[in-house]
Amino acid sequence: DSGVSVMAPSAASSRIKCLQISNGAMYDGERKGSWVEFHTEKLDALVDLVESLQGAPLLVGYSFQHDFARFQKFGKDIPHLGQGVSRTREGENCRAWNAGELPLLFGHPRSMGHGMNLQGACQHVCWFGLNDDYELDDQFIDRVFRQGNNAARIIVHRIIARDTVELTVLRNLRRKEKSQGALLDALKDYKKEKKR
């Protein structure tokens, strides 16, 4: 409807564009960082999830900066970790999050996938959009699913657009998880054999 036409120079960039559209917006190539919104279904699903958790803390991972810009419906100064956040503010957000003072915390997995301890008060992790990198996926969830978290279980929510490339990404992530698990099991077996 916007009249914007976008060309993707390769199959890989087409796939990225399809992931962006699945999330509800896409960089339009007009000028750096400009984007156009296509739908709000995922945002609506995220609002429903937040409401259903009735104040229980939710860590939300996102893939694209336009995703974060669209999260402003949760408030102007929504707490997040990553680009544009000072070290001081990042530390304050982590402390408040672990103390259970923040019901929502947003972050990009590349900015917070390693070294942050966010297990203090959280049982729920949500992926607003998927990416192909299993390590980012796993490490983002592991910010919460780690020693010191007293929750009986960690629940991972994935907001996925039906009949889109996201289903392929999810299958690939599960395949990578299974392969990594098999490798780790083989290493454990090797160590046991070596000790004998």
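Here the structure is shown first, and the text comes after it.
In what follows, the accompanying structure is described. (Residues numbered from 1 in each chain as written. Predicted model: local features only at pLDDT ≥ 70, side-chain atom pairs only at ≥ 80, totals over all residues. Heavy atoms only, no water.)

## Looking at the packing of aromatic side chains
Okay, step 1: Taken as a whole, this structure holds seven aromatic pairs when the rule is applied.
Okay, step 2: Summarising the aromatic geometry, the rings of Phe68 and Phe106 are spaced 6.5 Å apart at their centres and angled 70° between planes, so their arrangement reads as edge-to-face. With Phe68 in helix 3 (residues 65-70) and Phe106 in strand 5 (residues 104-107), this residue pair connects regions lying 38 residues apart in the sequence.
Okay, step 3: Note on Phe106: relative accessible area 0%, which makes it buried.
Okay, step 4: With a centroid separation of 4.8 Å and 50° between ring planes, the pair formed by Trp127 and Phe140 is classed as tilted. Here the residue Trp127 occupies a position in strand 6 (residues 124-127), and Phe140 occupies one in helix 6 (residues 134-141), the gap between them amounting to 13 residues.
Okay, step 5: Judged by its relative accessible area of 0%, Phe140 is buried.
Okay, step 6: Within the aromatic cluster, the residues linked to one another by ring pairs are Tyr62, Phe68, Phe71, Phe106 and Phe128.
Okay, step 7: The residue whose ring lies beneath Lys42 is Phe128, and the NZ or CZ to ring-centre distance is 5.7 Å. (Phe/Tyr/Trp six-rings, centres within 6.5 Å; stacked < 30°, edge-to-face > 60°. Helix = DSSP H or I, 4+ residues; strand = E, 2+ residues; numbered from the N terminus. Buried < 20%, exposed > 50% of the residue type's maximum accessible area, 1.4 Å probe, protein only. Lys NZ or Arg CZ within 6 Å of the ring centre and 35° of its normal.)

## Here's the deal with the nonpolar core
Okay, step 1: Of all hydrophobic cores here, the largest spans 25 residues; its most connected members are Leu59, Leu81, Trp97, Met112 and Leu118.
Okay, step 2: Of all the secondary structure elements, the ones that give two or more residues to this core are helix 4 (87-98), strand 6, helix 6 and helix 7 (165-195).
Okay, step 3: No other element matches the four residues that helix 7 contributes to this core.
Okay, step 4: Other than its neighbours up to four places away in sequence, Trp97 contacts Pro57, Leu58, Leu59, Leu102, Pro103, Leu104, Leu105, Leu118, Ala121 and Cys122.
Okay, step 5: Among the nonpolar cores identified, the runner-up in size contains 15 residues, and Leu58, Tyr62, Phe71 and Phe106 belong to it. (Core = buried A, V, L, I, M, F, W, Y, C linked by side-chain atoms within 4.5 Å. Contact = heavy atoms within 4.5 Å.)

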